[in-house]
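Commentary on secondary and tertiary structure
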Amino acid sequence: MKYRLLAGGSVLVLTAALSACSPSSGPDAANGDGRTTVDVWLMRDSVSTQFQKEFTADFEKRHPDIDVKIQIQEWDGIGQKITAALASNDAPDVIEAGNTQVAQYAESGGLLDLTDRTDELNGEDWLRGLAEPGAFEGRQYGIPYYAANRVIVYRTDLFERAGVDAAGIKTREQWIDATTELNKGGTQGIYLPGQMWYALAGFVWDEGGDLATESGGTWSGALDTPEALRGMAFYERLQALGKGPKDSDEDDPPQAEVMAQGQVAQVISTPGGANVIAEHNPELKGKLAFFPIPGKTADTPGAVFTGGSDLVVPTAAAHPDAAVTFIKELTGDTWQKKLAVAMSYVPNRTSLAAAVAGDPGAAAMAVGAANGHATPNTPGWAAVEAENPIKDYMTAVLTGGDAAREAAKASRDITRAMNAGS
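In this text the structure is predicted, and so the values were computed from the model without any measurement. (Residues numbered from 1 in each chain as written. Predicted model: local features only at pLDDT ≥ 70, side-chain atom pairs only at ≥ 80, totals over all residues. Heavy atoms only, no water.)

Considerations on the pairing of strand 3 (residues 94-98)
Within strand 3, five of the five residues are buried, leaving the element largely enclosed by the surrounding structure. Across the two faces of strand 3 the burial is the same, with Val94, Glu96 and Gly98 and Ile95 and Ala97 all buried. Here two bridges tie strand 1 (residues 36-43) to strand 3, and the two strands are oriented parallel to one another. Its bridge partner being in strand 3, Trp41 is matched across the sheet by Ile95. (Buried < 20%, exposed > 50% of the residue type's maximum accessible area, 1.4 Å probe, protein only. Helix = DSSP H or I, 4+ residues; strand = E, 2+ residues; numbered from the N terminus. Pairing = 2+ DSSP bridges.)

Let's talk about the pattern of salt bridges
Per the stated rule, a full pass over the model turns up 21 salt bridges. Between Glu207 and Arg230 there is a salt bridge, with the nearest N and O atoms lying 3.1 Å from each other. Of this pair, Glu207 sits in the loop between helix 7 (197-206) and strand 8 (212-215) while Arg230 sits in helix 8 (residues 226-239), and the two are 23 residues apart along the sequence. Here Lys409 makes a salt bridge to Asp413, at a shortest N to O gap of 3.3 Å. With Lys409 and Asp413 both in helix 16 (residues 403-418), this residue pair falls four residues apart, about one helical turn. On the accessibility criterion, Asp413 (18% relative accessible area) is buried. Here the residues in one salt-bridge network are Arg172, Asp206, Glu207, Arg230 and Lys296, joined through shared partners. (Salt bridge = Lys/Arg side-chain N within 4 Å of Asp/Glu carboxyl O.)

Points about the sheet that holds strand 1
Within the open sheet, the five strands sit side by side as 2-1-3-13-6. Their pairing is mixed. Edge positions in the open sheet fall to strand 2 (66-73) and strand 6 (143-148), since each of these has one partner strand only. Within the sheet, the average angular offset between the axes of one strand and its neighbour, ignoring direction, is 20°. Note: strand 1 against strand 2, eight bridges, orientation parallel. Within the sheet, the bridge partner assigned to Val40 lies in strand 2 and is Ile70. (Axes fitted to C-alpha atoms, helices over the stretch in contact; angles between N-to-C directions.)

Structural notes on the packing of aromatic side chains
Summed over the entire model, instances satisfying the criterion amount to 18 aromatic pairs. When the ring of Tyr146 is compared with that of Tyr345, the centres are 4.0 Å apart and the planes differ by 10°; the resulting orientation is stacked. Of the two residues, Tyr146 is situated in strand 6 and Tyr345 in the loop between helix 12 (333-343) and helix 13 (360-369); the sequence distance between them amounts to 199 residues. Just as Tyr146 is buried, Tyr345 falls in that class too. Ring centres of Tyr198 and Phe305 lie 4.6 Å apart, and the angle between their planes is 10°; this geometry places the pair in the stacked category. (Phe/Tyr/Trp six-rings, centres within 6.5 Å; stacked < 30°, edge-to-face > 60°.)

Focus on the packing of helix 15 (residues 389-398) against helix 16
Look at helix 15 against helix 16: their axes get within 9 Å of each other, and the N-to-C directions meet at 170°. The orientation of helix 15 with respect to helix 16, classified from their angle, is roughly antiparallel. Contacts between helix 15 and helix 16 pair Pro389, Ile390, Tyr393, Ala396 and Val397 from the former with Ala403, Glu406, Ala407, Ala410, Asp413 and Ile414 from the latter. Its residues assigned to classes, the contact of helix 15 with helix 16 comprises nine nonpolar, no polar and two charged. (Parallel < 35°, antiparallel > 145°, perpendicular 65-115°, else oblique. Contact = heavy atoms within 4.5 Å. Nonpolar A, V, L, I, M, F, W, Y, C, P; charged D, E, K, R; others polar.)

Here's what the structure looks like:
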């Protein structure tokens, strides 16, 4: 984690709904007018409205025999939705999936093996953090799309009004003090919803804990360890300094919209979230900046989930060749560079790193990436994200539940979900 890390904003929809795939006489049979329609699912905040329009127009100009229909999906509940699509006969042609989810989808047999296409898709220098989770049992199913990790997006005008210097926030305690100061004068110091579990994971890793651990081939939830409980205790302190709901995540309501509408001083987001905030409130252009999530000590940044997305092609895709063409364009040099600049993402290949040189958001990400972590690398983790007992655990604690008891319950649920297919 998206970060898929990564990952509120406007609904960036080119078309209101996916059209049903009609029966075809071949793997890429065209529509009646001789054109093929490639149906694509991309995730919220994966692209801006402007980027989507520009890419689609350029793609259709370069490939006049292919129409593109893109539907923006919500991260909440996406695991179940993709699983259902892969098991159907009417799946989209391309799906953006969190890099931690690909192994489960591949294990189910629902993804097209793209190993033989990796050379044409520039696989020689893909980011390992995207490419390796996109592989399963030595075969490549996920094509790296972008990488990102979370930072603090803040309003410079509200920080200045409160007399808070963001450059001086290096530790978690300094962060607490600054946020407390920002709460004065009608400002909400931080908007932090109760179920932002990727942020919790960072605090758990800071304390030396983990979400789950493996022993002898068996995975077990680990939220009930002393280290993980300390991470949750810090989350509870920070969340109490804002008015974020305790029973939902950053997508409900979309936190970018909340920050755009109110006097919210800071949110935890990928840098691309600032673009979405400014889309909703153009008056905030030039008033949004970034700093890395603070760590326990000034010499080490806060731990973050280094996530991102891969693009996959369902086995049931009606137009697999057109799907690969779409992926080749979106992950190629031209549009990877434009995506990195537009959304402050890390490009999918090491050779394209210079595309974000000098970008403030990317610079803040790079600092955090030095203390980057990953969720458990096993197909079973996707089942945890689909059910996500971590969210229920967080809400239970934030609404007064006993942390140790609730953590033990969540750990049992994680253990069960991770080993359900064993």
